[in-house]
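In case you want the letters, here they are:
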Amino acid sequence: MAVLQMQRISICAMKKNRKAILERLQELGAMEIDIQLPDDSGYKKMDITNSKATFEKQAQTADRALEVLHEYAPEKTGMLASLAGKPLVDHDLFDKAAKNHDNYLETAHRIVTLDKQIAEQKANIQKLQNQIESLAPWMGLTVPVSFTGTRKTACLIGTMAGAQSLESLYGLLAKHAPEADALDIQVIFTDKDYTYLAVVCLKKDAQIVEEALRAGGFAKPAQTVNKVPTQWQKELQSEADEASRQIETLEKEIADYAGSRQDLRMVSDYCRIRAEKYEILGKLPQTKNTFALSGYVPAYRADQVVREFSEKYDAVVETEQMKEDEAPPVLLKNNGFSESVEGVLASFGLPGKGEIDPTFFTSIFYVFLFGLMLSDAAYGLIVSLACGILLVKCPRMATNLRKSIKLFFWCGISTMFWGVMFGGYFGDVVDVVSETFFGHKVSIPALWFVPLNDPMKLLLFSMLFGVIHLFTGLALKGYMCIRDGRYLDFVCDCVLWFLLLGGLIGMLLPSELFAGIAGQQIYFPEALKAVVKWMAIIGAVGIVLMSGRENKNFGVRIALGAYDLYGMTSWLSDVLSYSRLLALGLATGVIASVVNQMGSMAGKGVVGVIVFILVFLVGHTLNIGINLLGAYVHTCRLQYVEFFGKFYEGGGKAFEPFMLKTKYVDIKEEN
């Protein structure tokens with residue numbers, strides 16, 4: 001467990017080597033650029049806004065082209081493809097993508113353009129379909145909708161609101177245009193909303209007839225075409241069919257670019273890398289012939305960086321002492337087991353300045369407590385096997401995801417251990433199956449005890465594990481005090497609390513209260529009773545006198561000490577929080593047992609076997625899912641609130657080196 005020491009490094013070099021130096025730094029991925037210069041330093045900075053925006057836009061174009069390819073020519077992938085990580089490509093192949101940058105981007109633009117054309121054709125088809133639908137009521141019309149009549153007659157084509165009959169229409173005209181004669185009304189189509197009609201009259205009566213119709217809600221069509229509706233419908237459908245054929249052609253052309261998928265991925269990552277480099281370039285202080293940069297490097301790599309850039313690029317590379325108020329970025333280094341819990345720690349906060357890395361202790365307690373909460377050997381076997389297979393099958397899995405999978409692998413091992421200790425194998429499935437289907441009960445005995453039969457015993461041990469967990473946190477606080485030379489703080493804030501809490505626990509164990517809870521009496525020698533009593537007294541008095549030691553007013557100091565002593569109640573609530581170990585452990589076993597009992601209710605016939613299998617699969621799948629989530633959440637809570645609350649604040653900033661940040665491929669390092 002360690003927070004790697006950081007070293008600030010400054011580099012000053014000739015401008016002609018700027019590109020090579022930045023590219024090498026990006027390949028190494030060892031330095032976080034953090035340039036700190038006063039405003040009046042005299043250095044200038046480049047305006048890289050346009051260049052950076054150009055490469056970002058190009059990367060977005062390539063990304064969009066890949067999305068289009070995925071839509072029209074899906075890539076065949078395995079079930080674990082999403083977990084497999086990015087493919088590894090040779091440096092030479094990536095350099096080829098850089099050299100063919102323009103050609104690959106031209107392909108990307110062509111794919112995006114084809115997709116745009118498909119979208120336009122689809123919009124055109126939708127427009128044509130809407131027009132065809134709007135023509136449907138006019139199919140009975142034998143003249144164009146725009147037809148207005150002959151030399152002596154007028155034709156009024158339009159709609160009336162609601163369903164109208166010929167009688168009502170003739171009645172409307174007789175009422176409002178009685179002088180009009182030689183009328184002919186043709187109802188073309190009727191529905192509940194509109195009546196589509198054509199009215200033929202003498203031209204001299206056209207105005208009064210139209211006014212009469214408008215009195216009844218007559219309206220002319222919004223769009224008219226100088227074609228017979230049936231003919232116009234055929235032409236529109238022909239256009240729609242042609243557009244569909246064009247879409248098929250465009251889709252085929254896009255699918256033909258499927259072989260360019262890898263090239264597009266590499267050019268996207270190339271543009272992304274270039275954009276990142278330009279962002280750093282815009283931060284560099286420069287003169288006419290030189291430039292400078294500075295940042296943080298892990299101390300163990302500092303000599304390599306100094307030596308390489310001094311010798312290869314004739315640069316001036318210097319290491320600097322950290323300032324007193326400087327908070328370097330945080331990079332953790334842990335063993336293979338403990339590193340799996342680094343994501344849990346990062347979710348709370350990386351170590352702040354002066355804090356230790358608690359990952360090692362967190363990993364031990366996390367795995368231990370997680371298994372105790374789930375506590376079923378079969379569930380643990382399933383979890384560890386699934387995670388183990390993923391780790392083996394996907395060696396290039398993303399780092400953070402790999403750590404999380406590895407954490408659940410170890411939690412599965414812990415769950416198996418506690419399941420064997422408590423005799424849990426899919427709950428009591430062995431008992432139920434043997435008794436239901438074979439007529440005699442067979443049990444796998446617990447190596448320790450069965451929590452469902454003795455819950456108070458599990459509660460007491462949960463409290464014991466909680467005390468150990470909390471005391472470890474307090475001990476880590478003491479270690480930091482000694483490391484930093486704060487010996488008085490160590491005595492007052494750690495030793496006195498150990499005396500008080502240890503003494504109170506020692507006084508509780510031989511009491512009748514504890515005997516009533518535990519079911520057995522513990523006896524201490526009189527001398528030991530006196531020792532624990534004086535431990536508690538010394539601890540309490542010392543806390544009252546020393547907790548407010550920084551305040552010179554004696555009365556205020558005692559008041560602060562008394563308030564701090566009252567904080568003992570928070571220790572009690574913290575210890576009681578570990579009762580969740582009992583609650584979740586029992587929940588797993590009880591639900592599993594209920595599932596087994598439900599499955600066995602159909603008896604031992606063929607139907608009973610089928611019902612049992614179905615209930616078993618569904619019930620235990622839900623149980624393992626729910627309790628995995630519960631164990632994860634509550635184990636995190638015990639770390640964040642109870643354990644970290646004793647010594648850890650966090651707040652550190654993660655180390656973010658200037659490196660090759662890619663989205664689709666990883667570039668193989670050159671030997």
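For the structure, check the block above.
Residues numbered from 1 in each chain as written. Predicted model: local features only at pLDDT ≥ 70, side-chain atom pairs only at ≥ 80, totals over all residues. Heavy atoms only, no water.

Trainee: For this particular structure, what's the right way to read the overall build of the chain?
Mentor: The secondary structure content of the chain amounts to 22 helices and eleven strands. Over its C-alpha trace the chain gives a radius of gyration of 40 Å, far above what one expects of a compact globule, namely 26 Å for 671 residues. Seen through its principal axes, the chain has C-alpha atoms that stretch 130 × 85 × 60 Å. Among the 671 residues that make up the chain, the fraction classed as buried is 42%. Sequence separation of 24 or more characterises 81% of the internal contacts of the chain that already satisfy a separation of 6 or more. (Helix = DSSP H or I, 4+ residues; strand = E, 2+ residues; numbered from the N terminus. Rg over C-alpha atoms; globule rule 2.2 N^0.38 Å. Buried < 20%, exposed > 50% of the residue type's maximum accessible area, 1.4 Å probe, protein only. Contact = heavy atoms within 4.5 Å.)

Trainee: Would you mind going over the pattern of salt bridges with me for this structure?
Mentor: Pairs may arise between side chains of opposite charge once their charged atoms sit close together. Applying the stated criterion across every chain, the model contains 36 salt bridges. Between Glu32 and Lys653 there is a salt bridge whose closest N-O contact spans 2.7 Å. With Glu32 in strand β3 (residues 32-33) and Lys653 in the loop between α22 (606-643) and β11 (666-667), this residue pair connects regions lying 621 residues apart in the sequence. Residue classification places Glu32 among the buried residues on the basis of a relative accessible area of 8%. Judged by its relative accessible area of 46%, Lys653 falls in the partly exposed class. Among the salt bridges present, the one from Arg261 reaches Glu75, with a minimum N-O distance of 3.9 Å. On the criterion of sequence distance, the pair formed by Arg261 in helix α8 (residues 261-281) and Glu75 in the loop between α2 (49-72) and β4 (88-89) is long-range, its members being 186 residues apart. (Salt bridge = Lys/Arg side-chain N within 4 Å of Asp/Glu carboxyl O.)

Trainee: Just checking my understanding: could you explain the pairing of strand β7 (residues 194-202) for this structure?
Mentor: Looking down a regular strand, the side chains alternate between one sheet face and the other. Strand direction decides the pairing type here: strand β5 (residues 153-161) and β7, joined by nine bridges, are antiparallel. Within β7, the position partnered with Gly158 by the bridge is Leu197. With six bridges joining them, strand β6 (residues 184-190) and β7 adopt antiparallel strand pairing. Along β7, the bridge assignment pairs Thr190 with Thr195. Joining the antiparallel neighbours β6 and β7 is a turn of three residues. (Pairing = 2+ DSSP bridges.)

Trainee: Is there a simple way to think about the side chain of Glu642 in this case?
Mentor: By the element assignment, Glu642 lies in helix α22. Classification of Glu642 by relative accessible area gives buried; the value is 1%. A polar contact is formed between the side chain of Glu642 and the side chain of Ser577, at a distance of 3.1 Å. Leaving out residues up to four positions away in the same chain, Glu642 has contacts with Leu470, Asp574, Ser577, Tyr578 and Arg637. (Polar contact = N/O pair within 3.5 Å; in protein donor to acceptor, adjacent residues only side chain to side chain.)

Trainee: Would you mind showing me how to read the sheet that holds strand β8 (residues 290-298) here?
Mentor: What holds strands together in a sheet is hydrogen bonding between their backbones, with the strands either parallel or antiparallel. Taken in spatial order, the four strands line up as β3-β8-β2-β9 in an open sheet, and their pairing is antiparallel. Whereas interior strands pair on both sides, the edge strands pair on one side only; in this sheet they are β3 and β9 (316-320). Taken together, the nine bridges between strand β2 (residues 6-14) and β8 define a ladder with antiparallel strand orientation. Within β8, the position partnered with Gln7 by the bridge is Val297. Strands β2 and β8 of the sheet are contacted by helix α1 (residues 18-28), whose axis makes an angle of about 10° with β8. (Axes fitted to C-alpha atoms, helices over the stretch in contact; angles between N-to-C directions.)

Trainee: Looking at this model, I keep getting lost on the environment of Phe658. Mind explaining?
Mentor: Of note, Phe658 is situated in the loop between α22 and β11. The spacing of Phe658 and Glu27 is 631 residues in sequence and 8.5 Å in space, taken between C-alpha atoms.

Trainee: Could you clarify how one ought to interpret the packing of helix α15 (residues 455-483) against helix α20 (residues 568-577) in this entry?
Mentor: Helix-helix packing is characterised by the crossing angle of the two axes and by the distance between the axes. Relative orientation of the contacting elements α15 and α20 amounts to 130°, with a least axis distance of 8 Å. The angle between α15 and α20 places the two elements in the oblique class. Where α15 crosses over α20, the handedness of that crossing is right-handed. Within the contact between the two elements, α15 uses Met463, Val467, Leu470, Phe471 and Leu474 and α20 uses Trp571, Asp574, Val575 and Leu576. Looking at the contact of α15 with α20, its residues break down into eight nonpolar, no polar and one charged. (Parallel < 35°, antiparallel > 145°, perpendicular 65-115°, else oblique. Left-handed = near helix turned anticlockwise from the far one by under 90°. Nonpolar A, V, L, I, M, F, W, Y, C, P; charged D, E, K, R; others polar.)

Trainee: For this particular structure, what's the right way to read the sheet that holds β6?
Mentor: Across the sheet, which stays open at both edges, the three strands sit in the order β5-β7-β6 with antiparallel pairing between neighbours. The open sheet has two edge strands with one neighbour each: β5 and β6. This sheet shows a mean twist of 20° between the axes of neighbouring strands, independent of strand direction. Running at roughly 5° to β5, helix α6 (residues 206-215) makes contact with β5 and β7 of the sheet.

Trainee: I'm lost on the environment of Phe612 in this one. Help?
Mentor: As for its placement among the helices and strands, Phe612 is situated in helix α22. Separated by 530 residues in sequence, Phe612 and Ser82 place their C-alpha atoms 34 Å apart. Ignoring sequence-local partners within four residues, the contact set of Phe612 consists of Val429, Val432, Val433, Phe437, Asn596, Gly599 and Ser600.

Trainee: Explain the packing of aromatic side chains to me, please; I cannot follow it from the model alone.
Mentor: Here a ring pair, both rings aromatic, is described through the centre-centre distance and the interplanar angle of the planes. Evaluated as defined, the whole model comprises 39 aromatic pairs. Ring geometry for Phe417 versus Trp418: centroids 5.2 Å apart, planes at 75°, classification edge-to-face. On the basis of relative accessible area, Phe417 is assigned to the partly exposed category, the value being 44%. Directly above the ring of Tyr296 sits Arg8, whose terminal nitrogen or CZ lies 4.5 Å from the centroid. For Lys646, the ring lying beneath its charged end belongs to Trp571, and the centroid distance is 4.8 Å. (Phe/Tyr/Trp six-rings, centres within 6.5 Å; stacked < 30°, edge-to-face > 60°. Lys NZ or Arg CZ within 6 Å of the ring centre and 35° of its normal.)

Trainee: How do you make sense of the pairing of β8 when you look at a structure like this?
Mentor: Most of β8 sits inside the fold, with eight of its nine residues counted as buried. Where β3 and β8 come together, two bridges link them in antiparallel fashion. Paired with Glu32 across the bridge in β8 is Tyr296.

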